[in-house]
Amino acid sequence: AWQVGLVHGHWEQRTLSVLGRTLTVTLLARRSRHFAGTRFKKRGLNGLGRVANEVESEQIVDAGYDYATGAPLISSMVQLRGSVPLFW
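What counts as what
Residues numbered from 1 in each chain as written. Predicted model: local features only at pLDDT ≥ 70, side-chain atom pairs only at ≥ 80, totals over all residues. Heavy atoms only, no water. Helix = DSSP H or I, 4+ residues; strand = E, 2+ residues; numbered from the N terminus. Buried < 20%, exposed > 50% of the residue type's maximum accessible area, 1.4 Å probe, protein only. Contact = heavy atoms within 4.5 Å. Polar contact = N/O pair within 3.5 Å; in protein donor to acceptor, adjacent residues only side chain to side chain. Pairing = 2+ DSSP bridges. Axes fitted to C-alpha atoms, helices over the stretch in contact; angles between N-to-C directions. Salt bridge = Lys/Arg side-chain N within 4 Å of Asp/Glu carboxyl O. Patch = residues over 30% accessible without salt bridge, like charges linked within 9 Å, V, L, I, M, F, W, Y side chains within 5 Å. Areas by Shrake-Rupley, 256 points an atom, 1.4 Å probe, with all protein chains shown as cover.

Draft legend 1. Representation of the overall build of the protein in the model. Helices and strands together make up the secondary structure of the protein, namely zero helices and four strands. Mapped from its N terminus to its C terminus, the protein presents α and β elements in the order β-β-β-β. Buried residues in the protein amount to 18% of all 88 residues. Partitioning the intrachain contacts of the protein with sequence separation of at least 6 by distance along the chain shows that 41% fall at a separation of at least 24.

Draft legend 2. Representation of the environment of R30. Structurally, the position occupied by R30 is in strand β2 (residues 21–31). Within the structure, R30 has its side chain in polar contact with the side chain of E58 (distance 3.5 Å).

Draft legend 3. Geometry of unusual backbone geometry. The phi dihedral of L19 falls on the positive side, at around 55°, and the residue is not glycine. By the secondary structure assignment, L19 is in the loop between β1 (9–18) and β2.

Draft legend 4. Representation of the sheet that holds β2 in the model. Overall, antiparallel pairing links the four strands, which are arranged β1-β2-β3-β4 in an open sheet. Of all the strands in the sheet, just β1 and β4 (72–81) have a single pairing partner and so form its edges. Each adjacent strand pair in this sheet contributes to an overall mean axis angle of 15°, direction not counted. Looking at chain direction, strand β3 (residues 55–65) and β4 are connected through nine bridges and run antiparallel. Following the sheet pairing, E58 is matched in β4 by V78.

Draft legend 5. Molecular detail of the pairing of β1. Here 10 bridges tie β1 to β2, and the two strands are oriented antiparallel to one another. Paired with Q13 across the strands is T26, a residue of β2.

Draft legend 6. Molecular detail of the pattern of salt bridges. Per the stated rule, a full pass over the model turns up three salt bridges. Residue E12 is joined to R14 by a salt bridge in which the shortest nitrogen-to-oxygen separation is 2.8 Å. Measuring nitrogen to oxygen at the nearest pair gives 3.5 Å for the salt bridge that ties E58 to R30. Here E58 is found in strand β3, whereas its partner R30 is found in strand β2, with 28 residues between them in sequence. A single network of salt bridges, built from pairs that share partners, joins R30, E56 and E58.

Draft legend 7. Layout of a nonpolar patch on the surface. The grouping of L16, V18 and L19 at the surface amounts to a nonpolar patch, some 320 Å² of accessible area in total. Tracing the chain through its elements places L16 in strand β1. Looking at L16, the relative accessible area reads 35%, which means it is partly exposed.

Note that all results are geometric; they support no functional claim without further evidence.
Structure representation (structure tokens):
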């Protein structure tokens, strides 16, 4: 038997213009499968130390290339959130 691993989350990409410069904004959200559940039924952490409802969010902004140097202009920010890591 074999299984296919899937990502439980969300992906979205938009192109927009700010002050005449085209930006591509990508948002990624990945939810952990280890201790997932509804907010009112899963809280704290389990016996393996995994917090409830852990979500990793990433925002990537691509502004193309620098006109002077030709270097790519890309930034990324990652945020990790989850339940308070206490036994309830």
